[in-house]
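Letter by letter, the chains look like this.
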Amino acid sequence: MNKMESLYGRFSRKVINHSKAILVLWGLIFIGSLLLTPVFFSRLTPPQLVVEGSPSYMAEKLWEKEFAGQIEEQAILVFHSDRYVMESPIYKQTVDKVLRKVGVLQGVYQIVSPYDELSLTAVPYSTDGHTSYAVLLLEADGKAALKISGEIKKILAENKGLEMYLTGKTAAVQDLSAMVKKDLTQAERTALPVVLIILLFVFGSVTAALIPILLGIAGVFISFGILALLGIENIDMFVPSVVSMIGLGLGIDYSLFILMRYKEECRTASRAEALVRSMATSGKSVIMSGLTVMSSLAGLLLIKASLFFNIAIGTFMTIGVLLALSVTFLPALLHILGGRIDYLPIRRKKRYEQRHRLYRWTKHIMAKPGLYLGGSLFLLFIMMLPAFSLHLKTDISDKALEEYSSGKGNALLEKNISSGIYAPVYFIYQSEEGQLTDVDLDRMAQMTAELKGESSVANVISVTDILMDLMGVVSAEGLQELAAMADDQGMFSMLVNKDLSMSPIMITLKNAPDDPASVQFIKTLRERYGEEMMHNKVYIGGMASMIADIHRETMNKTPAAACLILAISFLLLTRAFRSLLIPLKAIALNLVCILASIGAAVLVFQYGWGEQLFSFEATGYVQSYLPVLSFAILFGLSMDYEVFLVSRIREERERGMLEEEAIAKGIEYTGPFITQAALIMMVVFLAFLFTHMLEVKQLGFMLFVAVLLDATIIRLILVPIMLKLMGKWNWWIPKRRES
């Protein structure tokens with residue numbers, strides 16, 4: 001341990017000796033990250049539901065290879081009027097005028113008008129004629145598609161008479177980026193003033209109070225910049241919120257613990273020596289805590305889904321940046337500031353009495369362990385009970401965009417035509433004989449008829465139906481004739497591939513792709529055509545198929561991910577504290593705390609206890625990937641307080657104090673820090689409850705409740721009582737036998 005302390009001390013002295021250079025370097029990194037932040041937000045996409053190696057993944061890859069052709073993307077233009085119907089001249093003239101202008105844009109390959117006879121989706125208008133849509137086939141993707149989307153929105157804004165909305169992948173990405181930026185700005189504007197007030201009372205000066213906020217903000221933007229530099233093309237829209245929550249919360253927490261220890265050490269040592277001591281104690285605890293959080297995220301990588309990879313990498317990167325800032329930028333800044341850290345002081349009461357009250361409180365509960373232990377566990381048990389009625393569902397968060405163009409367009413399609421318009425299922429049939437034969441086409445015709453009979457299906461389009469309509473017969477010869485005379489290769493490439501060996505049956509569902517009925521439909525198809533899927537004759541893809549796969553992957557891998565998180569945390573804490581019982585105790589209490597937070601989330605979001613307060617409509621479920629995600633994050637976060645508290649208790653014990661006295665002193669010194677840090681983190685998490693995305697609200701709430709319980713019932717009651725009851729066994733660890 002002394003060797004490690006000297007290592008931290010030596011590193012801190014080097015940081016002090018190069019303070020100016022370190023601050024300049026971090027300043028340049030921060031400026032560069034600000035410039036890269038727009039790049040990061042431009043890569044945001046709707047939920048990344050791809051599960052590598054899954055049936056939907058195989059179908060997606062096959063679709064891109066065989067059927068997309070030069071068509072990079074489909075977009076949808078939605079038209080609506082409460083006054084006019086499609087047959088009215090004003091409605092038709094407006095639609096035709098808009099589509100003519102859109103059609104001449106570079107990158108728009110073809111437009112399927114609602115007035116065309118052939119459509120690759122459902123009937124492109126509502127039964128009452130007030131709503132219709134056109135399909136845009138685009139040759140462009142990425143930045144080019146963003147440019148086209150912007151030009152189309154300008155055309156829509158210039159033409160009045162109808163409600164017109166652009167939806168589709170690129171339009172949704174644009175709206176998502178705008179929404180996430182707005183949400184993050186609002187959350188920061190809500191949280192940071194409150195955090196500043198708390199820090200002013202903690203430190204008693206404006207300068208000291210601003211330092212943790214500066215470190216937290218820098219951590220968030222530098223993380224955005226690094227993620228942009230990594231070149232990840234598709235970043236889930238959930239990632240910025242997670243990065244901001246963790247970045248602000250942990251960044252302020254880490255700097256708070258180091259600053260508080262620094263001010264404490266300044267009472268008995270010079271500022272330079274106090275800084276070295278602070279980094280050798282609290283700085284070391286911060287590193288240990290950060291590594292524990294990062295290690296806990298490794299469990300997420302067991303789930304082979306892009307969503308979890310995105311979140312794990314984003315959070316991992318954020319914590320890495322915060323640790324680097326905490327051990328380099330923060331001590332360098334403190335050294336440069338010197339006594340100016342107390343600049344712009346405010347009056348505040350001394351904290352000695354508060355600390356002494358915590359000491360007396362700890363002595364009091366340790367004198368009556370049975371009463372407080374039983375009462376606390378009973379309360380946590382009551383909070384845990386709703387967790388056992390947890391209902392999970394995978395939601396694509398389209399409701400979050402209801403105030404934006406793409407969301408309004410999707411809402412009109414869902415309400416007036418079909419919820420599945422913007423996310424069809426493609427059922428790809430592949431011949432074993434090379435080109436599709438008469439037998440293959442007969443089987444496809446039979447499948448098409450079966451699919452049309454499904455209660456979840458709104459519309460089915462198959463090449464067999466088109467052959468019957470245009471050629472009068474379903475045959476391989478007719479398919480070859482149709483391919484030879486097709487002058488519309490953009491459309492035809494979506495009906496059959498170039499070598500005529502496979503063809504998709506396009507299925508439009510009545511319900512949204514994340515509706516349980518749609519997911520059940522996918523399961524039914526896989527059971528019915530399972531044998532043909534095994535022989536690579538049938539592939540089932542589309543959004544509903546992806547949702548079914550990520551839900552199954554999440555449910556199947558969550559136990560393994562949780563076990564890995566527990567194992568890594570146990571090993572790290574065992575090595576850090578040289579104890580077996582303390583890590584086991586920490587893991588048990590963290591599990592109880594996490595289950596209690598999930599139970600609270602069930603009451604609020606599943607049963608709707610907080611609908612009006614948090615501005616949402618209860619859906620009757622919790623997002624399927626949140627329990628394992630919150631488990632990984634919360635397990636890491638809760639270890640923060642465990643590390644800080646137990647490290648201080650161990651310090652006091654190594655100075656010669658008896659076990660019970662060391663526990664009371666540890667609570668006395670770390671209790672105020674833990675309470676203040678928890679309060680700040682709770683304010684940050686609470687601010688995200690008022691964002692648009694339901695899963696962000698749910699995650700923010702779970703983190704809020706868990707930190708509240710962890711900093712009060714767990715740290716101030718259960719931990720000291722259990723440490724007292726375990727006595728000398730707290731620090732027991734098997735010794736190696738000498739050979």
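Let us look at the structure shown here. Within each chain, residues carry numbers counting from 1 in the order of the written sequence. Per-residue local features are limited, in this predicted model, to residues with pLDDT of at least 70; the limit for side-chain atom pairs, both in listing and counting, is 80 or more; totals at the level of whole chains, interfaces and linings are taken over all residues. Excluded from the side-chain calculation are hydrogens and water; included are all heavy atoms of the structure.

Read from one edge of the open sheet, four strands run β9-β10-β8-β11, paired in antiparallel fashion. Each edge of the open sheet carries a strand with a single partner, namely β9 (457-461) and β11 (538-541). Recorded for the sheet is a direction-independent mean angle of 20° between the axes of neighbouring strands. Both strand β8 (residues 425-430) and β11 contribute to a ladder of four bridges, which runs antiparallel. Residue pairing across strands places Y426 opposite G541, the latter belonging to β11. A pair of strands is considered paired only if DSSP assigns at least 2 bridges between the two. Each helix corresponds to a stretch of at least 4 residues labelled H or I by DSSP, and each strand to a stretch of at least 2 residues labelled E; elements are numbered beginning at the N terminus. Note on geometry: axes are lines fitted to C-alpha atoms, helical ones only across the stretch in contact, with angles between N-to-C directions running from 0 to 180 degrees.

Our focus in this paragraph is the packing of aromatic side chains. Any Phe, Tyr or Trp ring, taking Trp's six-membered ring, that has another such ring centre within 6.5 Å forms a pair; planes under 30 degrees apart are called stacked, those over 60 apart edge-to-face, and the others tilted. Under the defined criterion, the tally for this structure stands at twelve aromatic pairs. For the pair F605 and F701, a centre-to-centre distance of 5.6 Å together with 75° between the ring planes defines the contact as edge-to-face. Highlighted residues: F605 in helix α21 (residues 581-606) and F701 in helix α25 (residues 694-726), separated in sequence by 96 residues. Across this residue pair, the class does not change: F605 and F701 are buried. Three or more aromatic residues joined by ring pairs make a cluster, and in this case those are F30, F40, F41, F221 and F224. Two thresholds decide whether a charge sits over a ring: the Lys NZ or Arg CZ must be within 6 Å of the ring centre and within 35 degrees of the ring normal. Positioned above the aromatic ring of Y115, the side-chain terminus of K92 is 5.0 Å from the ring centre. In this structure, K665 is placed above the aromatic ring of Y359, and the distance from its NZ or CZ to the ring centre is 5.3 Å. For the exposure calls, accessible area comes from a 1.4 Å probe over protein chains only, and a residue counts as buried if that area is under 20% of its type's maximum, exposed if over 50%, partly exposed in between.

Attention now moves to the environment of E642. You can see E642 is positioned in helix α23 (residues 626-654). E642 sits in the buried class, given a relative accessible area of 1%. Placed 400 residues apart in sequence, E642 and V242 show a C-alpha to C-alpha distance of 22 Å.

Our next topic: the state of the cysteines. In plain terms, two cysteine sulfur atoms within 2.5 Å form what is called a disulfide here. Under the defined criterion, the tally for this structure stands at zero disulfides. You can see C593 has no disulfide; the closest cysteine sulfur is in C563, sitting 19 Å from it. Given a relative accessible area of 3%, C593 falls into the buried group.

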